[in-house]
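Architecture at a glance
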Amino acid sequence: MTGILRLLTARRGAGRLHWTDWATYAYLGLAVLLMFGPVLWLVLSSFKTPAALLEFPPSFLPMTQKEVRVEGYPQPLPLFSVTMEDGSTRELAQVRRVGLIAQMVDPKAPGTTVRVAADKRQPVREMAFAVSNYTEPLAKYDFLRFLENSLFVTLIATAITLVINSMAAYALSIYEFKGKTLAMLAVIGTLMIPITIVLVPVYLVVTEMGLVNSLWAVILPGAATPTGVFLLRQYMLTIPRDLIEAARMDKASEWRIYARIVMPLSAPALAVLTIFSIMWRWNDFLWPLAVLTKSEVQTLQIGLNAFQGELQTQWHYLLAMTVVTLTPVAIVFAFLQRFIATGIANTGMK
Amino acid sequence: MTLIAPPRARPRGPSASLLDRFGHAVVRVFEPPFRALQRILGVRRMPYVFLLPNAVFFGLFVFLPIGINLVYSVTGGTALFPSQRPYVGPEQYAYLLDCGSYLDPSTCREDHFWRGVANTLKFTVFQMVAMVLFSLLAALALNRPIRGRGFFRAVFFFPVLLSPVVVALIWKWILQRDGLLNAAVTSLGGQKILFFVDPSWAMFWSVFVSVWAHMGFYTLILLAGLQAIPRDIYEAAEMDGTRPWRVLTRITLPLLWPNLLVVLVLVLIRSVQVFDEVFVLTGGGPGTATQMIVQYIYTTAFANQVQNFGLAAAASVLLGAVLFVLTLLQLFLTRRRAA
Amino acid sequence: MAGLELKAVRKDFGPVSVIKGVDLSIADGELVVFVGPSGCGKSTLLRMIAGLETVSDGAIRIEGADVTHMPASDRGLAMVFQSYALYPHMSVYANMAFALENMGVAKPEIAKRVQRAAAMLRLTDYLDRKPGALSGGQRQRVAIGRAIVRDPKIFLFDEPLSNLDAELRVATRKELAALHAEIGGTMIYVTHDQVEAMTLADRIVVLNGGRIEQVGAPLDLYNRPDNLFVAGFIGSPRMNLLPATMDASGALLLAGRALAGAPRGLAPAGERLTLGVRPEHVEACAEAEADLVAQVDLVERLGGETFVYGAAPGDLALTIRLDGQTAVARRESLPVRFSRSHLHVFDQTGQARRPDIPARS
């Protein structure tokens, strides 16, 4: 361990690669394999047919046995590469198999059948993407509904969070007023209190509001995030006081100062909070799990979890739906990677 | 804390102006009520108006529940509404804390709770060590003058954004009986391992998957700390002929120490609350080998045949007290760092 | 009618008084400069007039109406901030239009006013730019333009030139003077730079320690400072201030010698006084006529004038301004004489003693 640490701290100028550089790249290369590998494996697997998923050892790419249509047979027949008795190989379609003997037919000469020992044939495989893994559960199960619910929760909750958090942050950063310290303490004190702690009473509050099994039960409780207030306030504190005073001299109402001066100037912090909020809401699990028990109001995460309980054997659907759940996040990440990373590094939150 | 990049000049396309127009419309809709409020209340009372919506949500979904939780924890029965619950005093706590020996969960009356505590502690210790070690290594590697730093940073970071369910399913698929990992094991001549049947393996993979999912976050914090160390200190050390190992132990680590502390406490706070990934990955099993405190609370309150809100509330009050102390610790540490 | 009236205005931050009772009346159309060293309260006073600071005691009236407790946005004043405080996310046009939009002015009227102000300030070509894409001088003009379009009752300037380099500062100073001549509004201008004060002001208000030291036209302040503070603050290089006394006969004694021809009888015999004389009123002369003989420490030759810094026996530091170029060099002795018509005498409390101001008993 110390050896690696030492490698990683040695600083060398540009130019010839020092051996510590090689060690660094080795660590990073291993990281690429360990971090990307599983996701890549998931995506590749999600395109495999149920039969291909059962193979062991598994093939890397989604492969499936080639099938051909042969005149005179209503069903497509599986294609094999057969080693003939004279040593030559031919591609034959299998009509049926009885015991150790397979009855085969040459697709080019559909009239005659050939009897072949079962161990003399190898399946002919081709790469094939089982798109049905995606289309079937979306059609057969409630996944489109889950997707819709997740989108609705994420968008509405994020919008509410942005508005009420920014208003609170504005009050706490621009004004001096009685009770400000108390309000700040309330925000900071609850920064790390997760909903886990108040699961039961929030459930009561939501029940009393008649919201159980409604998407609003998921949207409302988490809307006033202390993290958001804190993050926005810290940023708004850096807006020069002069600008606020200039706006007051310009006869702007307090609402206008908030909406036309402070909000646009806080755009970077608002963007960070937007991304955080989307991430929190899209990935939210425990609370929706507790409060959404009917399948028609469940979100993608809950649906997916329920799915893995019900469909243990149907990995092909489960994997495909996992990819569907992951994709929006992956897209957001691809576009905003640098931005999210610096946002988190600078706020120390997520 | 506030070094978010300043706004860049926005390209002014038609979409931007459309967005602007939408924004202005929204601003105009809310203007009259706020203007009226300002006229009635005066500028000095306006902050309360701006604070109000957030405060209502906060009160309803944070402070009120904290209060109700305390009520729940001292009442019994199965009713949800507090006034219908008979007062039982500290009975719930006594029940939770009734143990023959605190070192052995099986001697406790509520052994599931104590198994949860023991599992969470085990998880927390392993997780803290592994998380700090691997994210520190990653941060040190990323802080070197390497090519493609942005790419490698992204490699460590992207799992942070994945949902716990997705993370757990990805690994579940790899770790299953006929999965990729067992394929590798058998190709090396080993026997297939049933990872989720063996308690030790289940705990190992719970920690591993959590580290896999979250180390990018801590790597970023540590990397920010490393990059805040002035270059000239390293140059001075080089002029002094300092060996790399001493540079690490005498310069880098001491200067990074505040960030390391923050990371340690953050990992601690998050580990104590661990639930999602482990729950989906192992379901708490085999048996109760990976059942954590939060899962105990969730199960007791919602998933069991008899919903025992009082016991769950008492457990969450205890967990809340621990988290509160840890949060104070974290605030103390970040404040010291800022000073 | 006075454009602005301050009545015993005070500002306290807890136990600390920043403004200790200011009375001032500013006429319509006047350009008044508040000047003083940093921390004298001049910016605070301006911000109290603006409505950006609360008033602890006293009253502020604008055009006769009491605005003491009126919020800034209702007072109808415009302010140019030291930092300019331009809205960085808005174009130059939007910056200037913002106040008019807030007032509900119709769009065509806004456009007309902004265009007119932009033309006046040579900003027409920059209306679409963001402040970040402008030079310091241009930003400064936008800040002024933002005030002009409002057509405010009073313009307030808070050290508007202090962020400009020396050359631009002089140029902008001239423009401001021209602007005042052209639009003729009431202006209050805060600066710590006495040259700006002298060149721009109709009247200067010298502030020190939260109090007004003296109010008057620039040359009045220069020629007839009421007290030691104003004497020392106005004029560059500073006025020479030398310890003196009055002898029994009423003659002014400097370094033990009576100054013939100096004002007599300004104070009781034996009182410690300070004699003030500006550098340009110290002349080189023959040794026989000299009031003092200075040992030259440093000579600054500026071409058109020469400043000589020296000391006379008794540790009397002297600054002497000589016309044109002279051959005086370091370590030489320079006999000097004070112009008798330009002597200032201050008593122990720092108040000016002049024949026309009777000595306080």
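Not measured: the values here are computed from a predicted model.

Thresholds, definitions, all that
- Throughout, a residue's number is its position along its own chain's written sequence, starting from 1.
- Key to labels: chains lettered from A, ligands numbered from 1, both in the order written.
- Thresholds applied to this predicted model are a pLDDT of at least 70 for local features of residues and 80 or more for the giving and counting of side-chain atom pairs; totals over whole chains, interfaces and linings are not thresholded and use all residues.
- The basis for the side-chain values is all heavy atoms of the structure; hydrogens and waters are excluded.
- Think of it this way: any DSSP run of H or I at least four residues long counts as a helix, any run of E at least two long counts as a strand, and we number them from the N terminus.
- Buried means the residue's accessible area, taken with a 1.4 Å probe over protein chains only, is under 20% of the maximum for its type, while exposed means over 50%, and partly exposed covers the values in between.
- Should any heavy atoms of two residues lie within 4.5 Å, those residues are counted as being in contact.
- Joining two parts hides part of their accessible area as seen by a 1.4 Å probe, and the buried area is that hidden amount summed over both.
- Salt bridges are identified by distance alone: a Lys or Arg side-chain nitrogen within 4 Å of an Asp or Glu carboxyl oxygen.
- What we call a nonpolar core is a set of buried Ala, Val, Leu, Ile, Met, Phe, Trp, Tyr and Cys residues that are connected through their side-chain atoms within 4.5 Å.
- As used throughout, domain bounds are those supplied by an automatic or database domain assignment.
- N or O atoms within 3.5 Å of each other form a polar contact, as long as, within protein, one can give a hydrogen and the other can take it, and as long as residues adjacent in sequence are counted only when both atoms are side-chain atoms.
- Under this grouping Gly is polar, as are all residues other than the nonpolar Ala, Val, Leu, Ile, Met, Phe, Trp, Tyr, Cys and Pro and the charged Asp, Glu, Lys and Arg.
- For a helix, the expected span equals 1.5 Å multiplied by the residue count minus one.
- The reported bend at a residue is simply the angle between two axes, fitted to the 7 residues ending at it and to the 7 residues beginning with it.
- Note: two strands are recorded as paired if DSSP finds a minimum of 2 bridges between them.
- Here, axes are lines fitted to C-alpha atoms. For helices the fit covers the stretch in contact, and angles between N-to-C directions go from 0 to 180 degrees.
- Angular relationships are summarised with four words: roughly parallel below 35 degrees, roughly antiparallel beyond 145, roughly perpendicular across 65 to 115, and oblique for the angles in between.
- UniProt positions are given in the numbering used here, feature names are shortened, and annotations may be inferred rather than shown by experiment.
- Within a predicted model, pLDDT stands for the predictor's per-residue confidence, ranging from 0 to 100.
- Charged residues are defined narrowly, with Lys and Arg counted positive, Asp and Glu counted negative, and His plus the chain ends left uncounted.
- By definition, no residue in a patch forms a salt bridge, and every one has over 30% relative accessible area; like charges are joined within 9 Å, nonpolar side chains (Val, Leu, Ile, Met, Phe, Trp, Tyr) within 5 Å.
- Note on areas: Shrake-Rupley with a 1.4 Å probe; residue coverage comes only from the protein chains shown.

1. Remarks on the overall build of chain C
- Broken down by element type, chain C carries 8 helices and 21 strands.
- Across its three principal directions, the C-alpha atoms of chain C cover 75 × 45 × 35 Å.
- For chain C, the proportion of its 361 residues judged to be buried stands at 51%.
- In chain C, 65% of the contacts between residues at least 6 apart in sequence involve partners at least 24 apart.

2. A word on the interface of chain B and chain A
- At the interface, 116 residues of chain B touch 116 residues of chain A.
- Approximately 10900 Å² of surface area, both sides summed, lies buried where chain B meets chain A, with 77% of it carried by carbon and sulfur atoms.
- Together, Phe50, Arg144 and Trp173 of chain B form the three largest contributors to the area buried by chain B at its contact with chain A, with a combined 8%.
- On the surface where chain B and chain A come into contact, there are 1 salt bridge.

3. A word on the nonpolar core
- If you look at the biggest cluster of nonpolar residues, it comprises 159 residues, and the most contacted ones within it are Ile170 and Trp171 of chain B.
- When neighbours within four sequence positions are excluded, Trp171 of chain B is seen to be in contact with Leu34 and Pro38 of chain A together with Trp205, Phe208, Val209, Trp212 and Leu281 of chain B.
- Ala269 of chain A together with Ala72, Phe81 and Phe98 of chain C belong to the second largest nonpolar core, which has 81 residues in total.

4. Brief notes about the interface of chain A and chain C
- Counting from both sides, the interface comprises 15 residues of chain A and, opposite them, 26 residues of chain C.
- Among the residues of chain A in contact with chain C, Met249, Asp250 and Lys251 of chain A are the three that bury the most area, contributing 41% of the side total.
- At the boundary of chain A with chain C, the tally comes to 4 salt bridges.
- Across the pair Arg260 of chain A and Glu101 of chain C runs a salt bridge whose closest N-O atoms are separated by 3.6 Å.

5. Section: the domain arrangement of chain C
Residues and elements named next belong to chain C.
- By domain assignment, chain C separates into domain 1 (2-228) and domain 2 (238-353).
- Relative to domain 2, the C-alpha centre of domain 1 lies at a distance of 39 Å.
- Facing the 7 residues of domain 1 at the interface are 10 residues of domain 2.
- Both faces combined, the contact of domain 1 with domain 2 buries some 670 Å², and carbon together with sulfur accounts for 57% of it.
- The largest per-residue losses of area from domain 1 upon contact with domain 2 belong to Tyr222, Pro225 and Leu228, which jointly make up 73% of the total buried on that side.
- Viewed at the interface, domain 2 and domain 1 are joined by 4 residue pairs in polar contact (both at pLDDT 80 or more).
- Partitioned by chemical class, the residues of the side of domain 1 that touches domain 2 number 4 nonpolar, 2 polar and 1 charged.

6. Considering helix H2 (residues 46-73) of chain B
- An ideal rise of 1.5 Å per residue puts 40 Å on 28 residues; H2 of chain B measures up with 39 Å between its terminal C-alpha atoms.
- Considering bend angle alone, the principal kink of H2 of chain B is centred on Leu52 of chain B and spans about 45°; proline Pro53 of chain B follows within four residues of it.

7. Side note on the sheet that holds strand E7 (residues 154-158) of chain C
All names here are of chain C.
- Ordered in space as E6-E7-E8-E3-E9-E10, the 6 strands form an open sheet in which the pairing is mixed. Edge positions in the sheet fall to strand E6 (77-80) and strand E10 (211-216), since each has one partner strand and no second. This sheet shows a mean twist of 20° between the axes of neighbouring strands, independent of strand direction.
- As paired elements, E6 and E7 share 4 bridges and run parallel to each other. Bridge pairing in E7 links Met79 to Leu156.
- Running at roughly 175° to E6, helix H4 (residues 136-148) makes contact with E6 and E7 of the sheet.

8. What to know about the packing of helix H5 (residues 149-157) of chain B against helix H8 (residues 199-227) of chain B
Residue and element names in this part refer to chain B.
- Following both chains from N to C, one finds H5 and H8 inclined at 140°, their axes separated by 7 Å at the closest point. With respect to H8, the axis of H5 lies oblique. Between H5 and H8, the contacting residues are Arg149, Arg153, Phe156 and Phe157 on the first element and Met215, Gly216, Phe217, Leu220, Leu223 and Gln227 on the second.

9. Notes on the UniProt feature "transmembrane region" (unreviewed entry) in chain A
Residue and element names in this part refer to chain A.
- Per the UniProt record, the feature "transmembrane region" (unreviewed entry) sits at residues 21-44, 151-175, 182-203, 215-236, 257-280 and 315-336.
- Overall, residues 151-175 shows 96% helix and 0% strand. The separation of its end C-alpha atoms is 36 Å.
- The span residues 215-236 shows a helical share of 68% and a strand share of 0%, and its end C-alpha atoms are spaced 32 Å apart.

10. A short note on the sheet that holds strand E19 (residues 333-338) of chain C
Residues and elements named next belong to chain C.
- Ordered in space as E15-E19-E16-E17-E18, the 5 strands form an open sheet in which the pairing is antiparallel. Edge positions in the open sheet fall to strand E15 (282-284) and strand E18 (316-323), since each of these has one partner strand only. Pairwise comparison of adjacent strand axes, ignoring direction, gives a mean angle of 45° for this sheet.
- Of the strand pairs in this sheet, E15 and E19 are connected by 3 bridges, and their pairing is antiparallel. Bridge pairing in E19 places Val282 opposite Phe338.

11. Details of the pattern of salt bridges
- Under the defined criterion, the tally for this structure stands at 28 salt bridges over all chains.
- Arg113 of chain C is paired through a salt bridge with Glu109 of chain C; the nearest N and O atoms lie 3.0 Å apart. In this pair, Arg113 of chain C and Glu109 of chain C both sit in helix H3 (residues 107-120), 4 residues apart, roughly one turn of the helix.
- Assessed through its relative accessible area of 19%, Arg113 of chain C is described here as buried.
- Through salt bridges that share partners, Glu245 of chain A together with Lys11, Arg47 and Glu53 of chain C make up one connected network.

12. A short note on the confidence of the model for chain A
- On average, residues of chain A score 82 in pLDDT, and 90% of them reach the 70 mark or higher.
- Per-residue pLDDT stays below 50 along residues 7-14 of chain A; that stretch engages in 22 contacts with residues further than four places along the chain or on separate chains.

13. Some details on the side chain of Asp158 of chain C
All names here are of chain C.
- Examined against the element boundaries, Asp158 turns out to sit in strand E7.
- Within the buried core, Asp158 has no salt-bridge partner, and the shortest N-O distance to an opposite charge, that of Arg47, equals 5.6 Å.
- Within the local environment of Asp158, its side chain forms a polar contact with the side chain of Ser43, the two groups lying 3.0 Å apart.
- Those residues within four positions of Asp158 in sequence are excluded, and the remaining contacts are Ser43, Leu46, Met79, Val80, Phe81, Gln82 and Val190.

14. With respect to the UniProt feature "domain: ABC transporter" (unreviewed entry) in chain C
- As recorded in UniProt, the sites labelled "domain: ABC transporter" (unreviewed entry) are residues 4-234 of chain C.
- Annotated as 36% helix and 27% strand, the span residues 4-234 of chain C places its first and last C-alpha atoms 25 Å apart.

15. Here's the deal with the domain arrangement of chain A
All names here are of chain A.
- Assigned domains within chain A: domain 1 (2-46), domain 2 (67-123) and domain 3 (141-347).
- Taken together, the 5 residues of domain 1 in the interface contact 6 residues of domain 3.
- Our count for the contact surface shared by domain 1 and domain 3 stands at 0 salt bridges.
- Put simply, domain 1 and domain 3 have 0 residue pairs in polar contact (both at pLDDT 80 or more) between them.

16. Here we look at a nonpolar patch on the surface
Residue and element names in this part refer to chain A.
- Together, Leu40, Phe60, Leu61, Met127, Phe129 and Val131 line one region of the surface with nonpolar side chains, adding up to about 580 Å² of accessible area.
- Residue position: Val131 is located in the loop between strand E8 (125-127) and helix H4 (132-140).
- Residue Val131 is classed as partly exposed on the basis of its relative accessible area of 46%.

17. Things to note about the environment of Pro313 of chain C
Residue and element names in this part refer to chain C.
- Summarising the element assignment, Pro313 is placed in the loop between strand E17 (305-312) and E18.
- Its relative accessible area of 61% is what places Pro313 among the exposed residues.
- Sequence spacing of Pro313 and Gly232 is 81 residues, and the spatial spacing of their C-alpha atoms is 22 Å.

18. Some thoughts on the pairing of strand E14 (residues 272-277) of chain C
Residue and element names in this part refer to chain C.
- Burial runs high along E14: 5 of the 6 residues are buried.
- Alignment of strand E11 (residues 240-246) against E14, held across 6 bridges, turns out to be antiparallel. Each bridged residue has a counterpart across the sheet, and for Thr245 the counterpart in E14 is Arg272.
- Inspection of the sheet shows E14 paired to strand E20 (residues 344-346) by 3 bridges, in the antiparallel sense. Note that in E20 the partner of Leu275 across the bridge is Val345.

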